[in-house]
Amino acid sequence: MYWSNSSHPSLRIDRFPAPEEDLLTQVETFVSGMRDEAPVVLGYPGNLDFSFSHLAGLLDIFVNNVGDPGSQETSAVSAKHMERAVVEFMAELANADPAAIYGYVTAGGSEANLFGLDRGCALLPDAAIYCSADAHYSIRKSARLMRRELVVVNSDRYGSMDVAQLHQLCRRARGRGAVVLATVGTTMTGASDDVAAIAEAATAAGEVYVHVDAALNGLIIPFTEERDRWGFAHPSVGSLAVSMHKALGMPVACAVALCRSEMVQTRVEGEYISATDATLSCSRSGLASVLLWYALARKGAAGLARNAWRALDMARYAVDRLQQVGTNPWLNPLSIVVVFDRPAEWVCRRFHLATDGSYAHLVTVGHVTTDVIDELCDALAADAESRRLAAPGRR
Ligand SMILES: *Cc1c(COP(=O)(O)O)cnc(C)c1O
């Protein structure tokens with residue numbers, strides 16, 4: 001890992017072309033290193049179980065989805081027809097009528113959240129943005145970019161927003177309205193905010209716009225008992241974000257931003273591309289749209305449901321095993337993030353665990369197997385044993 005701005009000497013880009021063999025060796029070494037490590041990456045939500053190399057032809061064409069997925073443009077290098085199919089499918093999973101939804105494939109969950117929050121802020125120009133202390137750190141960046149006041153509401157010990165405090169804070173903002181970010185699957189503890197309760201509590205400020213950050217759990221919740229209640233099923237929800245490189249698994253970072261069409265009136269005309277453009281960027285990865293369309297269509301809703309159930313079952317398996325080795329694991333409802341006592345540093349490093357203060361977590365996305373969880377638990381047991389033996393006063 002490199003911590004400085006200067007590159008490794010063997011990677012320096014020179015004045016003259018480098019020998020092709022050397023470059024290929026560098027890339028192959030990189031690929032095999034990543035592959036070797038993938039099975040033990042437990043702490044991060046990107047599903048690494050996928051293969052797209054049979055679609056390598058995509059690497060020899062340029063695919064750029066400039067402007068709205070629904071708009072024509074003159075470049076002839078777009079895959080917007082596939083992007084629209086992705087948006088339609090995701091809108092249905094989120095309990096919306098696809099005909100009433102504007103959406104597009106973004107560079108990641110953070111852009112999709114920024115898009116939704118911007119729509120809420122446009123609708124309610126005097127409102128502050130409210131989110132919980134467990135909301136994703138990029139929400140601060142978004143609020144800063146929009147020069148909008150951000151009010152951070154406490155969360156409870158499991159990571160869900162304290163709705164009573166939200167209500168108190170909104171009472172002090174009577175008449176201004178409220179743009180509330182509700183998280184469905186927090187990054188650290190997998191907690192879901194109660195969207196109905198949030199919408200109700202925030203009415204103390206006046207009109208309410210809820211943006212749902214389902215970056216983590218947007219492809220899990222639609223396959224649980226919450227399926228009919230979540231997302232756009234609630235009338236206060238104006239927009240929603242789902243990261244696609246997490247539960248699904250993708251070779252490129254991407255997400256889907258969805259928004260009720262009536263919130264997207266500010267249609268910017270990109271004169272140069274002769275397409276309408278309400279997105280936050282100009283050029284967008286068409287490669288991501290093609291791969292997403294392919295991955296979703298190949299699994300279908302049934303395959304995605306199996307993925308989600310496997311992840312939820314695997315999380316319960318991890319809780320059982322971690323319990324046996326005395327690390328106090330716990331799991332929020334409908335969550336794939338297993339939280340437990342922070343282990344020794346070498347264990348965190350070997351299994352790429354995410355840590356926060358006194359706890360660590362693992363996320364049971366597709367590449368996480370019972371074997372690796374067992375391996376982790378063996379390491380935790382061995383570490384506990386060596387500490388017991390080393391403890392002073394033992395004799
Ligand atoms: C991962 C995540 C994000 C950010 O999404 P990226 O796709 O990594 O930009 C936002 N919110 C939550 C809850 C997340 O888990």
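What counts and what doesn't
Residues numbered from 1 in each chain as written. Predicted model: local features only at pLDDT ≥ 70, side-chain atom pairs only at ≥ 80, totals over all residues. Heavy atoms only, no water. Helix = DSSP H or I, 4+ residues; strand = E, 2+ residues; numbered from the N terminus. Rg over C-alpha atoms; globule rule 2.2 N^0.38 Å. Buried < 20%, exposed > 50% of the residue type's maximum accessible area, 1.4 Å probe, protein only. Contact = heavy atoms within 4.5 Å. Areas by Shrake-Rupley, 256 points an atom, 1.4 Å probe, with all protein chains shown as cover. Lys, Arg positive; Asp, Glu negative; His and termini not counted. Charge placed at Lys NZ, Arg CZ, Asp CG, Glu CD. Polar contact = N/O pair within 3.5 Å; in protein donor to acceptor, adjacent residues only side chain to side chain. Pairing = 2+ DSSP bridges. Right-handed = clockwise from strand over helix to strand, strands pointing away. Near = heavy atom within 4 Å. 1 Å grid on protein atoms, 1.4 Å probe; cavity = no way out; pocket = protein on both sides within 12 Å on 5 of 7 lines; lining within 4 Å. Sits in = over half its atoms within 2 Å of the grid points. Nonpolar A, V, L, I, M, F, W, Y, C, P; charged D, E, K, R; others polar.

A. Layout of the overall build of the protein chain. In terms of helices and strands, the protein chain carries nine helices and 13 strands. The C-alpha radius of gyration computed for the protein chain amounts to 23 Å, which stays within 12% of the reference 21 Å derived for 395 residues, consistent with globular compactness. Principal axes of the C-alpha set define a box for the protein chain whose edges measure 75 × 60 × 45 Å. Expressed as a percentage of the 395 residues in the protein chain, the buried residues total 49%. Across the protein chain, contacts joining residues at least 24 apart in sequence account for 71% of those joining residues at least 6 apart. Total accessible area computed for the protein chain in this model is approximately 19800 Å², and 54% of it derives from carbon and sulfur atoms. Seen as two clouds, the 35 positive and the 45 negative side-chain charges of the protein chain have centres 5 Å apart.

B. Quick peek at the side chain of Thr 224. Within the secondary structure, Thr 224 is located in the loop between strand 5 (208–213) and strand 6 (237–243). For Thr 224, a relative accessible area of 4% puts it in the buried group. Of the polar contacts made by the side chain of Thr 224, one reaches the backbone oxygen of Ile 221; its length is 2.8 Å. Sequence-distant contacts of Thr 224, that is, excluding residues within four places in its chain, are made with Leu 312 and Leu 334.

C. Structural context of the pairing of strand 4 (residues 178–183). The element strand 4 is extensively covered by neighbouring structure, given that six of its six residues are classed as buried. The alternating pattern of strand 4 places Ala 178, Val 180 and Ala 182 on one face and Val 179, Leu 181 and Thr 183 on the opposite face, and all of these are buried. In this structure, strand 2 (residues 128–132) lies alongside strand 4, joined through three bridges in parallel fashion. Of the residues in strand 4, the one forming a bridge with Tyr 130 is Val 180. Two strands pair when backbone bridges link them, and strand 4 and strand 5 are joined in this way by six bridges, in the parallel orientation. Bridging from a neighbouring strand, Val 180 pairs with Val 210 of strand 5. Taken together, strand 4, helix 6 (residues 195–202) and strand 5 constitute a β-α-β crossover, and its handedness is right-handed.

D. View of the site of the ligand. In the vicinity of the ligand lie 14 residues, with Gly 109, Ser 110, Asp 213, Ser 243 and Lys 246 positioned nearest. Taking Thr 187, its side chain carries an N or O atom lying 3.3 Å from an oxygen atom of the ligand. Taking Asp 213, its side chain carries an N or O atom lying 2.6 Å from a nitrogen atom of the ligand. Isolated, the ligand exposes 380 Å² of accessible area, and the fraction of that covered by the protein chains is 88%. A majority-of-atoms criterion places the ligand in the second largest pocket. Looking at which element gives the most residues to the shell around the ligand, the answer is helix 3 (residues 109–123), with three residues. Considered class by class, the residues forming the shell around the ligand number two nonpolar, ten polar and two charged.

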